[in-house]
Amino acid sequence: MALQNKYKELTDAATALGVSNLQVREQDAVLYIDGTAPNGSVKDQLWGIYDKIDPNFIAGDLILNVSVDVAATVTKVKVTTESSNLNIRKGPGTDQPIVGKAAHGEVITLVSQSSEQWWLVRTDDGEEGYAYAQYLTPVV
Amino acid sequence: MKLSKVLMAIAIIATVSFTSCKPNDEEIKSAIEAKLQSTAMITAATVEVKDGVATIGGECKDDECKTVCEKDVAAIKGVKSVINNCNIAMPAVVADAPVTITADDLLVKAVTDATKDFPMVTATVKDGVLTLTGEIKKDGLKRLMPALQALKPKKVDNKLTVK
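Fair warning: this is a prediction, and the values are worked out from it, not measured in the lab.

A. Geometry of the pairing of strand β2 (residues 30–37) of chain A. Residues and elements named next belong to chain A. For β2, the tally of buried residues reaches 7 of 8 residues, placing the bulk of the element in the interior. Adjacent in sequence and paired antiparallel, strand β1 (residues 20–27) and β2 are bridged by 2 residues, among which D28 carries a positive phi angle near 50°. Note that the unit made of β2, helix α3 (residues 40–53) and strand β3 (residues 62–68) has a crossover that is right-handed.

This is the structure we're talking about:
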């Protein structure tokens, strides 16, 4: 219960901001919070609260796993790397050969979300492969 | 003598016809069951009727449901009194899904992918615990940590120096 109190502000915010499938469990001195945020901004806010309660995430007593709900209607994603090109790979993994690249800021086609980490995409040049989902932002 | 027999016969007929106007226990029971089913407030309802005394049981969701059921039953023709043995259902406990921890082999691969763009970060995985060493900028940490915790490790032991 101590951990639930420590991160109460976070779980309260998750509820208030409309996180669905919210699960809060404590096991072996680690609190596990899972849920689906309605958008990326909500996820960022929750991580901001986490950083405030536990600066730099060093306590090791929370696993915050909030995914962002991507509507089935989303077909376009924007490449949101820091500045570099995004690798498009043959399979889902950095050990897979690179079959293409998408430029920073480029809008490409989302073919399917094959996993939470890797999405199947296609560039306007017709290059199709897997890209790391963290660097892709749905275009609504 | 004759007159008294006639009177007796009338009395018997009257008694029989009078009692037959009142619903018997079986009929009352059926009426109660039909009523309770139509209200749909009570589940697993049981009904017994003896000499017009109705005993009802079952699961009610709250006190109000229990009171309403009793009133409904009491209003049925032929019911003299109601013994209300209904239970109030306990609020449903929503079972939390168990915590899922990614197996080490899958975790190692996923962590390699996630830390690829952070060459100063070293990540090791043992028994689901992800240990991070090296250094990182605050901006990078804010991007890396959500990606790592989404991989469902058991724990993240963050020993990174934040620059």
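B. Layout of helix α4 (residues 104–115) of chain B. With 12 residues, α4(B) extends 16 Å from end C-alpha to end C-alpha; this agrees with the ideal 16 Å at 1.5 Å per step. Regarding α4(B), the residues found buried are B:L107, B:A110, B:V111, B:D113, B:A114 and B:T115. Buried residues along α4(B) sit in contact with β9 (128–132) of chain A together with β5 (121–126), β6 (129–136) and α5 (138–149) of chain B.

C. Region of the structure containing the nonpolar core. Ranked by internal contacts, the top residues of the largest apolar core, which has 37 residues, are A:L62, B:V111, B:L144 and B:L148. Listed by contribution, the elements that provide at least two residues to this core are α2 (8–16), β2, α3 and β3 of chain A together with α4, β5, β6 and α5 of chain B. Ignoring sequence-local partners within four residues, the contact set of B:L148 consists of B:V111, B:A114, B:L130, B:P153 and B:V156. The next biggest cluster of nonpolar side chains, apart from the first, holds 15 residues, and it includes A:V77, A:L86, A:I108 and A:A133.

How each quantity is defined
- Residues numbered from 1 in each chain as written.
- Chains lettered and ligands numbered in written order.
- Predicted model: local features only at pLDDT ≥ 70, side-chain atom pairs only at ≥ 80, totals over all residues.
- Buried ≥ 20, exposed ≤ 12 C-beta atoms within 10 Å, placed from the backbone.
- Helix = DSSP H or I, 4+ residues; strand = E, 2+ residues; numbered from the N terminus.
- Pairing = 2+ DSSP bridges.
- Right-handed = clockwise from strand over helix to strand, strands pointing away.
- Expected span 1.5 Å × (residues − 1).
- Contact = placed C-beta atoms within 7 Å.
- Core = buried A, V, L, I, M, F, W, Y, C linked by C-beta atoms within 7 Å.

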